[in-house]
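Chain by chain, the residues run as shown.
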Amino acid sequence: MIICRAPINIAIIKYWGKLEGFESENVANNPSLSVTLDIDHVFTETKVHVSPGDGQVLFKLNNTLQEPTKRMKKVLSKFPTHEKKIFIESVNNFPTGAGMASSASGMAALVLALDKALNTNYEGKALCEIARLGSGSACRSVYGGFVEWNGNSVEQVFTANHWPELRCLLLITNGEEKRFPSTTAMQTTVETSDLYSLRREIAIKRIGCLKRSIEEKDFSSFAKICMQESNQLHALCLDSFPPIHYLNDKAFAIMDRIHEMNRECTIAAYTFDAGPNAFIFCLEENLFKVREGLRGFGEMIECRVGDGPIVTCTD
Ligand code: DP6
């Protein structure tokens, strides 16, 4: 039996929309850059048990037996599963499908556990490509640190300990499953948003600036790009037709509160994926102030930048 733990990653430069003609392979229309969070707090743990059989796959998610999803089948098709029975058991220690990147950690954990359990020994590039087939953003959870995904290439651009003072607070405002699954939502944006034609160029420009801010550990530039990116994602969603909206009143109140806290000096930055749960970046020295400022909005989980997935059992 193999047990693999994979972390979530939070995109600073967001992936939103697939390249025309490559939708089924989840090739993104624009480059993205994310931070992999540590696996001490938020992770998917996936056990894979292989025995002789005729290709059956049993799948339990959060202790409930279910049919393997279409995405999982795509991933499984890249592994030699015939004449075997595969039992996959996956648990998220955080809300599933609530815009907290559970598909990223889930698919990354699945691919890495299958690779070990079936002895395929794929190299990093292949593992990223298979994870991407499951869910685009999952390819960035294969690595730790700061990870850039551009077309077929996924690479760590800075290690996890490059900026040790950086912290990410997860602020859970609503653990319910999202109303607009990202795959169909981003497709609606690509097909209907007039603003979307600007997206790729903006993401490319911002990625350059973001990398500079990380390299120089310039929190104020990092924070500005981070918040502008989040806002642009949600503006694109609202510009889609019919409109897509992930943010709730609490999420907007968090945004206002952070801009208030930043009035004199930038100490915090928010970013939201496809859900109302906030990811708040700050430096260690401002943690107390930021926590105090956000008290009352919901459960807070404090994370650091992490080293990426680990295999915890190889029995
Ligand atoms: C807002 O990776 O979930 O989190 O490739 O269709 O599975 P699919 O989409 P998914 O989309 C993630 C969108 C995002 C931004 C990001 O993680 O870059």
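Residues numbered from 1 in each chain as written. Predicted model: local features only at pLDDT ≥ 70, side-chain atom pairs only at ≥ 80, totals over all residues. Heavy atoms only, no water.

**Some words on the packing of aromatic side chains**
Spelled out, the test is: Two aromatic rings, drawn from Phe, Tyr or Trp (for Trp, its six-membered ring), form a pair once their centres lie within 6.5 Å of each other, and the interplanar angle then sorts them: stacked below 30 degrees, edge-to-face above 60, tilted otherwise. Put simply, DSSP marks the helices as runs of H or I at least four residues long and the strands as runs of E at least two long, and each gets a number from the N terminus on. Think of it in three bands: residues with accessible area under 20% of the maximum for their type are buried, residues over 50% are exposed, and the middle band is partly exposed, with areas taken using a 1.4 Å probe on protein chains only.
According to the stated counting rule, one finds 10 aromatic pairs in the structure shown. With a centroid separation of 5.4 Å and 80 degrees between ring planes, the pair formed by Trp163 and Phe222 is classed as edge-to-face. Here the residue Trp163 occupies a position in the loop between strand 9 (153–158) and strand 10 (166–172), and Phe222 occupies one in helix 6 (residues 219–239), the gap between them amounting to 59 residues. Comparing Trp163 with Phe222 shows no difference in burial state: the two are buried. With a centroid separation of 5.9 Å and an interplanar angle of 85 degrees, the aromatic rings of Phe180 and Tyr246 are classed as edge-to-face.

**Concerning the site of the ligand**
To be explicit about the condition: Throughout this document, a residue counts as near a molecule or strand when at least one of its heavy atoms sits within 4 Å of that molecule or strand. As used in this structure description, the phrase polar contact means that two N or O atoms lie within 3.5 Å; if the pair is within protein, one of them must be able to donate a hydrogen and the other to accept it, and residues adjacent in sequence are counted only when both atoms belong to side chains. Accessible surface is estimated by sampling points in the Shrake-Rupley manner with a 1.4 Å probe; for residues, cover comes only from the protein chains shown.
Around the ligand, a shell composed of 18 residues is seen, among which Tyr15, Lys18, Ser135, Gly136 and Ser137 lie nearest. One nitrogen or oxygen atom from the side chain of Arg71 is found 2.9 Å from an oxygen atom belonging to the ligand. With the chains in place, 95% of the 460 Å² that the ligand exposes on its own is no longer accessible. The element that contributes the greatest number of residues to the shell around the ligand is helix 4 (residues 182–192), accounting for 3 residues.

**Thoughts on the environment of Arg304**
So the rule is basically this: Throughout, a contact is declared for two residues whenever any of their heavy atoms are within 4.5 Å.
Within the secondary structure, Arg304 is located in strand 13 (residues 299–304). Residue class for Arg304 comes out partly exposed when judged on its relative accessible area of 46%. Along the backbone, Arg304 and Lys84 are 220 residues apart, and their C-alpha atoms lie at a distance of 39 Å. Not counting chain neighbours up to four residues away, the residues in contact with Arg304 comprise Thr36, Leu37, Asp38, Leu166 and Arg167.

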